[in-house]
Amino acid sequence: MAEKDIPTQYDPAAAEKRWYPEWVKRGYFHANASSDREPYCIVLPPPNITGRLHIGHALDHTIQDVLIRRARMQGYEALWLPGTDHAGIATQVVVERALREEGIERREMGRDAFVERVWAWKERYGGEIVEQMKALGNSCDWDRLRFTMDEGLSYAVRVAFVRWYEQGLIYRGERLVNWCPTDRTGLSDSEVEHEEVDGELITFRYPFAEGYDFIEVATTRMETMLGDTGVAVHPGDERYEAWVGNRVRHPLDGREIPIVADAAVDRDFGTGAVKVTPAHDPNDWEIAERTGLPRMNIFNADATLNDNVPEEFRGLDRYTAREKVRDRLAEKGLIVKEQRPYRHAVGHCYRCKSEIEPWIAGMQWFVKVGPLKGPAKEAVAQGRTRFVPPRWERPFDTWLDNLRDWNISRQLWWGHRIPVWYCPNGHETVATEDPAKCAECGSAEIEQDEDVLDTWFSSQLWPFSTLGWPEATGDLKKFYPTTALVTGYEILYLWVARMIMAGLSLVEKDRTRTGDHIPFERVVIHGLVRDGHGRKMSKSLGNVIDPLDMIEKYGADALRFALARMATPEQQNLPLSEASIEAGRNFANKIWNAARFVLQADGKPELPERSRLSVAERWLLSRHHACVTAVNSALDADDFAGAGQSLQRFLWSEFCDWGLEVEKRRLAGDAKQDAANTLAWVLERTLRLLHPVMPFVTEEIWQRMGPGESIVVAEWPEPIPDLADKEAEAEFAAVQGIVTEIRQLQAGIPRELAKAVALDEGMREDSEKWLEDIRLLTGAAASFEKLDGIRVALRIPGGTDLAPVVDRLSKKLQDSESKLERKRKKLSNEGFTSKAAPEIVEKERTEAGELEEEISRTAAQIRQLGG
């Protein structure tokens, strides 16, 4: 039996410092690929090495840790594989900024020296987020820690590129790309965030090259008209039928440009005619492809105007040029209409938030996604991989339907360099190993492509490259396909879809344990953490919750419990407040104090024979069984909030507030050992049930109970149907009802007036044997007498002046009624219920219900007191 002495206060910092290194040292988190246990594998979505653990990470990691700790206790060979991402753009920006502070420009030092500097930065700072994950309690297999630019993972990237190239799925071409002028690199469509902004819509005239007529077009980006090479109308638009084939004159440079017909033009939008800028708009690019219009690039890489525009505009940034072009057209009398503000969606870089510029950035590498989309959709449709909740299947399908070829070239120095070499004769050599000469002509004068691959190209390989692919490793055979992927919905398209496509295309069936090459059996998609009012957390609002600060202040368990308790599968916005984390700390303290009580009773976690159990103990065991059933059911459905709420309800209310209190009488009598053993048995099993959510406090207590080596590797509790006891639950529920009624009458009433209660004589037969327990639980002397139409009454001494008490309760009643009226008014406002986040509306409804109950209780008290 372990040491029973337990401090009066729980110290989370001490427990975390003591147990986490011990768990790692004992190898509890290390998975064995050679074992005969059924595998359970989760790969951690790799955070950026530039990052700091934020509240979104904390939620994501808590959910994964709950799943993996439970699987470990259930007897699976559980592998939670951790890692970090090299984060091409973000890391390069961070290091460049540091260099500038030293007065050094990247291009002055050269590529090799810069990359060496980034590696040095990574070695110094790149592991900080790993230590922060450990502070949260992540039970990852740190022996398998991966980095997207590790040697093995870098080799996997080259194999994937070469294989797709040889299959014709990767090609090089000059196409329009999403260009970030700030980071000076192209982006994929998935890396562009479309945000509503207040801009302008300007309608202007193009004069005909011959004659005096005009055609009107509109644009939100006036500067791009400098790159117009045509005007397009719908072929069925009778208004412009005769104009197709004519030419208009560009009012600022004198060029003649044609009017063309294309079915993509919406004849009902604006004037029905559109300006066509093929080099700076993806839709215009497609029109130009069909109609033969030329492409005219007017931007430099930094979004200033180049030498293809009239001299007065050269060198201007795009926003200054926008104003100047508008002014010039106004001077010529060609402006028809100006709409300001004009609300419209504009693409922004997902990293730096700069406005994206569609731009031709020279020859780029692309992945042909057409052949990859079908198998991914089919895998989801067949249920080979499931989305939790399932409603994400439809947007997943829609996104794949609209997916265009993926630009994977990035104009950076940090990242996986594209494995293609060029010779002076125009040949391409694509290889997994650096070649010494051109594979086609043998020339030794070869140069590698300057660009690196999109970060997501390596990340898409994460579920299998981390397990050793393309080699047929033991890890790959044992743990692939992985069991679950846990992630927020915001990267469903950026990452999840790409992993599914890549896994289905690249992993050979004979290297998986199931013969399927789907990367994960299910995808658990959680919502995003918001503040307590449902707002996005931001520094400007001052509502950011730093998980590391919360861990230091309240403990990791408190944060984990607060996060898990709100993580329902269906909610997209998860409101979190510091108060809810503080409540998690209070819950840990409640468990600690309950454990002190049980340990001091010197019980063993063993169940007495059923015949020796009291009704209250049978009730407690039945409620424990219900808790075990509810938690297992919730976790099987990835409903972490449901599991957390069931655990809190049982431990706080049923075990502590009722079970411990009602057992105090038996602990003082002849049945002391049976009572102590029952409480210890229930507590020990419930600690195991709680451990995945709150690992530290549960281990700290469990070690003192001494049933085994560590709660980390203890057996997971499963329901025991024989413990279900409807008779005991019904009998004890009646007693709970009486005690609750008494407590409600006592609430807010001076203690000296609430020391005695009367129970209606009609309740004697069912309640008399519980009188001592009722007295213990209420602190009031209870007796039976004939009552007039009520079950419970306070026995107020004669001559007591009740006016002050009634007056105070009346004021409380009025205050509660006023609050309820405001709540009802808010809830009847359709503007609030339709626009507010669902969880905020639900919170208001819950509070309204609580107020209704409070009003009912207070009114009953006033009636009892004769008010």
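Details of the structure are given in the entry above.
Criteria and cut-off values
- Residues numbered from 1 in each chain as written.
- Predicted model: local features only at pLDDT ≥ 70, side-chain atom pairs only at ≥ 80, totals over all residues.
- Heavy atoms only, no water.
- Helix = DSSP H or I, 4+ residues; strand = E, 2+ residues; numbered from the N terminus.
- Polar contact = N/O pair within 3.5 Å; in protein donor to acceptor, adjacent residues only side chain to side chain.
- Contact = heavy atoms within 4.5 Å.
- Phe/Tyr/Trp six-rings, centres within 6.5 Å; stacked < 30°, edge-to-face > 60°.
- Lys NZ or Arg CZ within 6 Å of the ring centre and 35° of its normal.
- Pairing = 2+ DSSP bridges.
- Axes fitted to C-alpha atoms, helices over the stretch in contact; angles between N-to-C directions.
- Expected span 1.5 Å × (residues − 1).
- Buried < 20%, exposed > 50% of the residue type's maximum accessible area, 1.4 Å probe, protein only.
- Parallel < 35°, antiparallel > 145°, perpendicular 65-115°, else oblique.
- Nonpolar A, V, L, I, M, F, W, Y, C, P; charged D, E, K, R; others polar.
- Salt bridge = Lys/Arg side-chain N within 4 Å of Asp/Glu carboxyl O.

S.K.: Looking at this structure, I do not really get the side chain of N543. What am I missing?
M.R.: Residue position: N543 is located in the loop between β24 (528–530) and α16 (547–554). A polar atom in the side chain of N543 sits 3.2 Å from the backbone oxygen of K536. Residues in contact with N543, not counting those within four places in the same chain, are D531, R535, K536, M537 and S538.

S.K.: For this particular structure, what's the right way to read unusual backbone geometry?
M.R.: With glycine set apart, most residues show a phi of negative sign, and most peptide bonds adopt trans. The omega torsion across V388 and P389 is 0°, close enough to zero to call that bond cis. Relative to the assigned elements, P389 resides in the loop between β15 (386–388) and α11 (393–402). The omega torsion of the bond from Y480 to P481 falls at 0°, within 30 degrees of zero and hence cis. Note that P481 resides in the loop between α14 (474–479) and β22 (482–488). Backbone geometry at A303 places phi at a positive 70°, although glycine is not the residue there. Structurally, A303 is set in the loop between α8 (282–291) and α9 (318–331).

S.K.: Can you help me understand the packing of aromatic side chains in this one?
M.R.: Here the distance between the centres and the angle between the planes together describe a pair of aromatic rings. On inspection of all chains with the given rule, the structure shows 31 aromatic pairs. With centroids separated by 5.5 Å and ring planes inclined at 45°, the aromatic side chains of W121 and Y125 adopt a geometry described as tilted. One end of the pair is W121 and the other is Y125, both in helix α5 (residues 111–125) and 4 residues apart, which spans about a single turn. One aromatic cluster is present, built from ring pairs that chain together F161, W164, Y165, W365, W406 and F457. Positioned above the aromatic ring of F114, the side-chain terminus of R106 is 5.9 Å from the ring centre. Between R106 and the ring centre of W413, over which it is positioned, the NZ or CZ distance is 4.5 Å.

S.K.: What should I look at first to understand the sheet that holds strand β27 (residues 781–785) in this one?
M.R.: Strands in a sheet are paired, the pairing made by backbone hydrogen bonds, and the direction either parallel or antiparallel. The mixed open sheet is built from 3 strands, whose spatial order is β27-β26-β28. Each edge of the open sheet carries a strand with a single partner, namely β27 and β28 (792–794). Across the sheet, the mean angle separating the axes of adjacent strands is 30° when strand polarity is ignored. Two strands pair when backbone bridges link them, and strand β26 (residues 756–760) and β27 are joined in this way by 5 bridges, in the parallel orientation. Residue pairing for β27: A758 is matched across the bridge by S783. Relative to β28, helix α23 (residues 726–746) is tilted by about 30°, and along the sheet it contacts β26 and β28. Packed onto the sheet, helix α25 (residues 771–778) meets β26 and β27 and runs at close to 135° relative to β27.

S.K.: What am I meant to see in α23 here?
M.R.: A turn of α-helix holds 3.6 residues, and therefore any two residues three or four places apart point the same way. Taking 1.5 Å per residue as the helical rise, α23 with its 21 residues ought to reach 30 Å, and the 30 Å between its terminal C-alpha atoms agrees with that figure. Those residues of α23 lying buried are A728, F732, V735, Q736, I738, V739, I742, L745 and Q746. Between the side-chain oxygen of the N-cap and the backbone nitrogen of E727 there are 3.3 Å, and the N-cap of α23 in question is D725. One or two positions beyond α23, positive phi appears at G748, with a value near 80°.

S.K.: Hey, could you run me through the sheet that holds strand β18 (residues 420–422) in this one?
M.R.: Spatially, the 3 strands line up as an open sheet ordered β19-β18-β20, and their pairing is antiparallel. The open sheet has two edge strands with one neighbour each: β19 (428–430) and β20 (447–448). Looking at chain direction, β18 and β20 are connected through 2 bridges and run antiparallel. In the strand pairing of β20, W421 is matched with Q448. The sheet strands contacting helix α7 (residues 151–166) are β18, β19 and β20, and the helix crosses β19 at an angle near 125°.

S.K.: Which parts of the structure should I look at to understand the packing of helix α1 (residues 12–26) against helix α22 (residues 695–705)?
M.R.: To characterise two packed helices, one gives the angle between the axes of the helices and the distance between these axes. The N-to-C vectors of α1 and α22 enclose an angle of 85°; their axes lie 10 Å apart at closest approach. One finds that α1 runs roughly perpendicular with respect to α22. Across from A15, E16, R18, W19, Y20 and W23 in α1, the residues of α22 making contact are P695, F696, E699, E700 and Q703. Looking at side-chain class alone, the contact of α1 with α22 contains 6 nonpolar, 1 polar and 4 charged residues.

S.K.: What is the right way to read the side chain of S465 from this model?
M.R.: Among the structural elements, S465 can be located in helix α13 (residues 462–465). Looking at S465, the relative accessible area reads 4%, which means it is buried. Discounting residues that sit within four places of it in the chain, S465 has contacts with L153 and A156.

S.K.: Got a minute to help me understand the pattern of salt bridges in this structure?
M.R.: Two side chains with opposite charge may pair up if their charged atoms get near one another. Within this structure, the stated rule accounts for 70 salt bridges. When the shortest N-O distance is used, the salt bridge between E223 and R322 registers 2.8 Å. Of this pair, E223 sits in the loop between β8 (214–219) and β9 (230–233) while R322 is found in helix α9, placing the two residues 99 residues apart along the sequence. Here D531 and R535 are joined by a salt bridge, their closest N and O atoms 2.8 Å apart. Classification of D531 by relative accessible area gives buried; the value is 4%. Residue classification places R535 among the partly exposed residues on the basis of a relative accessible area of 38%. Because the salt bridges share partners, they merge into one network encompassing E96, R100, E105 and R106.

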